[in-house]
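Here is how the chains run, residue by residue.
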Amino acid sequence: MTYTVPVGLPDPTPYLLPEEKLRFVVRRHHPIVLVPAAAIAVVVLIIALLMLTNAVLSPATVGVALLVIAGGVLYFAYRWMHWRNTVLVVTNRRLFELVALGIKRVTVMPIMRQSVVFRQGPLGRALGFATVQVQSATGAVLYNFNLLADPIEFRDQITNVAA
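Residues numbered from 1 in each chain as written. Predicted model: local features only at pLDDT ≥ 70, side-chain atom pairs only at ≥ 80, totals over all residues. Heavy atoms only, no water.

Draft legend 1. Representation of the overall build of the chain within the structure. The number of helices and strands found in the chain is four helices and seven strands. Its helices and strands taken in sequence order, the chain reads β-α-α-β-β-β-β-α-β-β-α from the N to the C terminus. Expected size for 163 residues packed as a compact globule is a radius of gyration near 15 Å; at 20 Å, the chain overshoots this value by more than 25%. Taken along its principal axes, the extent of the C-alpha atoms in the chain is 70 × 35 × 30 Å. By residue count, 32% of the 163 residues in the chain fall in the buried class. Within the chain, contacts between residues at least 6 apart in sequence are counted, and of these 51% link residues at least 24 apart. Of the accessible surface of the chain, which amounts to about 9700 Å², a share of 66% is contributed by carbon and sulfur atoms. (Helix = DSSP H or I, 4+ residues; strand = E, 2+ residues; numbered from the N terminus. Rg over C-alpha atoms; globule rule 2.2 N^0.38 Å. Buried < 20%, exposed > 50% of the residue type's maximum accessible area, 1.4 Å probe, protein only. Contact = heavy atoms within 4.5 Å. Areas by Shrake-Rupley, 256 points an atom, 1.4 Å probe, with all protein chains shown as cover.)

In structure tokens, the structure reads:
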């Protein structure tokens, strides 16, 4: 059985070792982008309310407000691009994170583990995301994957490779 990368995700196949096969490719869930967007919206709302209550607006106040809003929009754009171009890849031999944002960065994580911890709160169950942690025998966290879009399948794939 051959696994194909879902449409819209960065292609990790150039980073595979000889005789290594893809098992699963996933990106983090979209709340990782929505949280900064919500924070930016709150800041914009507060600035708008402050500007409306102030009868006399100085050019300096307007300039600072516009700089804060522009900075927030640029930060959101960066977070969105980072989310869109980052995937976690499980192969038959290892686990790696591929970040294809300008310069491509591949972080290789050998699958050595004693336990895999799956954490999903009520909001995560409703929206379909969770945290998966890979721990050593002493309980130290080796890898922590927050806000995964398909956490159950990711956990199962890590467990199957490491078994």
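Draft legend 2. Main features of the side chain of Arg27. You can see Arg27 is positioned in the loop between β1 (22–26) and α1 (31–53). There is no salt bridge for the buried Arg27, and the closest opposite charge comes from Glu97, which lies 11 Å off by N-O distance. In this structure the side chain of Arg27 is engaged in a polar contact, spanning 2.7 Å, whose partner is the backbone oxygen of Arg84. (Lys, Arg positive; Asp, Glu negative; His and termini not counted. Salt bridge = Lys/Arg side-chain N within 4 Å of Asp/Glu carboxyl O. Polar contact = N/O pair within 3.5 Å; in protein donor to acceptor, adjacent residues only side chain to side chain.)

Draft legend 3. Region of interest: the sheet that holds strand β4 (residues 103–110). Taking strand neighbours across the sheet as the criterion, the four strands line up as β1-β2-β3-β4 in an open arrangement whose pairing is antiparallel. Of all the strands in the sheet, the pair left with one neighbour each is β1 and β4. The sheet shows a mean angle of 20 degrees between the axes of neighbouring strands, direction not considered. Pairing analysis gives five bridges linking strand β2 (residues 86–91) to strand β3 (residues 94–101), with the strands arranged antiparallel. Across the sheet, the residue bridging to Thr86 is Val99, located in β3. Across the sheet, helix α2 (residues 59–84) touches β2 and β3, and the angle it forms with β3 is around 140 degrees. (Pairing = 2+ DSSP bridges. Axes fitted to C-alpha atoms, helices over the stretch in contact; angles between N-to-C directions.)

Draft legend 4. Here's a closer look at the confidence of the model for the chain. Averaged over every residue, the pLDDT of the chain is 82; the share at 70 or more is 94%. Across the chain, helix α3 (residues 122–127) holds the top mean pLDDT of 89, while α1 sits lowest at 78. (pLDDT = per-residue confidence, 0-100.)

Draft legend 5. Looking closely at the pairing of strand β6 (residues 130–135). Most of β6 is tucked away, with six of its six residues classed as buried. By the alternation rule, side chains of β6 split into Ala130, Val132 and Val134 and Thr131, Gln133 and Gln135, which are all buried. Here strand β5 (residues 115–119) runs beside β6; their pairing, made up of five bridges, is antiparallel. Within the sheet, the bridge partner assigned to Ser115 lies in β6 and is Gln135.

Draft legend 6. Spatial organisation of the nonpolar core. Within the largest apolar cluster, 15 residues are counted, with the highest numbers of intra-cluster contacts made by Val90, Leu95, Phe145, Leu148, Phe154 and Ile158. Taken together, the elements giving at least two residues each to this core come down to β1, β2, β6, β7 (141–148) and α4 (151–162). In this structure, Phe145 is in contact with Arg28, Leu88, Leu95, Met109, Ala130, Thr131, Val132, Val134 and Phe154, ignoring residues within four places of it in sequence. Ranked by size, the runner-up nonpolar core spans seven residues in total, among them Leu9, Leu22, Val89 and Phe96. (Core = buried A, V, L, I, M, F, W, Y, C linked by side-chain atoms within 4.5 Å.)

Draft legend 7. Region of the structure containing the pairing of β3. In terms of burial, β3 is a largely internal element, seven of the eight residues being buried. Taking the residues that link successive antiparallel strands as the turn, the β2-β3 hairpin has two residues. Taken together, the eight bridges between β3 and β4 define a ladder with antiparallel strand orientation. If you follow Ala100 over to β4, its bridge partner there is Lys104. Connecting β3 to the antiparallel partner β4 that follows it, the hairpin turn spans one residue, and Gly102 within it adopts a positive phi of roughly 75 degrees.

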